[in-house]
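The chain contents come next:
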Amino acid sequence: MIPWGMFPFNDQIKKMTEQMNNGDVHSYVQEMMKKLVPSPMETTQNPFNTERTQSQPSSQTDFQVNVFETFDDVFVRISLPADVSLENMKIFHTSNQAIVENMQEKGSRKVITLPCLVKKKGATAQVKDGILEIKIPKSDDFQFTEISISEKY
């Protein structure tokens, strides 16, 4: 049986709503909306960002890593230091990580975790205005297997 006397329309709730300050409720709702809805500046910086953005602060202050995904691809953008040598730099990726070697000095390695699984082939990298952009196609392999349920007595 449903306890109708405990439903949210009883006298206690009525008294509580009368005591609430409208300004507090308004400021709370505005604060939550700012957290949920990106500002126009954030959307213009990444116009193709359809799902989520992840910014990874690096251990060194010379470059910043920005990872985001679109419907089809995962993008990794790294702001490069001025003294970087592209001839020595090597880029690799696994199904869930991008690896950049020899960016600052020989033997250095930066591992970047990707937000989803990616394909083995089809990745591209280019440098423009001091930013290395790596584009990796997303994997659309959604294999799943049914698991049978057994009952034990």
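Look a little higher up for the structure.
Notes on the structure follow. The structure presented is a predicted model; accordingly, all values stated were derived computationally and were not measured. (Residues numbered from 1 in each chain as written. Predicted model: local features only at pLDDT ≥ 70, side-chain atom pairs only at ≥ 80, totals over all residues. Heavy atoms only, no water.)

## Regarding the overall build of the protein chain
Then comes step 1: Each helix and strand in the protein chain was counted, giving three helices and eight strands.
Then comes step 2: Listing each helix as α and each strand as β along the protein chain from the N terminus yields α-α-α-β-β-β-β-β-β-β-β.
Then comes step 3: Within the protein chain, contacts between residues separated by at least 24 positions form 38% of all contacts whose residues are at least 6 apart in sequence. (Helix = DSSP H or I, 4+ residues; strand = E, 2+ residues; numbered from the N terminus. Contact = heavy atoms within 4.5 Å.)

## Some details on the nonpolar core
Then comes step 1: Counting residues in hydrophobic clusters, the biggest one holds 19 residues, and the most contacted among them are Val76, Ile78, Met103 and Ile112.
Then comes step 2: Those elements giving two or more residues to this core turn out to be strand S2 (65-69), strand S3 (73-79), strand S5 (97-101) and strand S8 (131-137).
Then comes step 3: Residues contacting Ile78, with those up to four places away along its chain left out, are Phe63, Gln64, Val65, Val100, Met103, Ile112, Gly130, Ile131 and Leu132. (Core = buried A, V, L, I, M, F, W, Y, C linked by side-chain atoms within 4.5 Å. Buried < 20%, exposed > 50% of the residue type's maximum accessible area, 1.4 Å probe, protein only.)

## Re the side chain of Glu133
Then comes step 1: Turning to its location among the elements, Glu133 is positioned in strand S8.
Then comes step 2: A polar side-chain atom of Glu133 sits 2.6 Å from a polar atom in the side chain of Arg77.
Then comes step 3: When sequence neighbours within four positions are dropped, the list of residues in contact with Glu133 reads Phe75, Val76, Arg77, Thr124, Ala125 and Gln126. (Polar contact = N/O pair within 3.5 Å; in protein donor to acceptor, adjacent residues only side chain to side chain.)

## Section: the packing of aromatic side chains
Then comes step 1: In total, this model carries one aromatic pair according to the counting rule given.
Then comes step 2: Taking the centre distance of 5.3 Å and the plane angle of 15 degrees together, the rings of Phe68 and Phe75 count as stacked. (Phe/Tyr/Trp six-rings, centres within 6.5 Å; stacked < 30°, edge-to-face > 60°.)

## A look at the side chain of Glu69
Then comes step 1: Tracing the chain through its elements places Glu69 in strand S2.
Then comes step 2: When its relative accessible area of 2% is taken as the criterion, Glu69 is described as buried.
Then comes step 3: A polar contact is formed between the side chain of Glu69 and the side chain of Lys138, at a distance of 2.7 Å.

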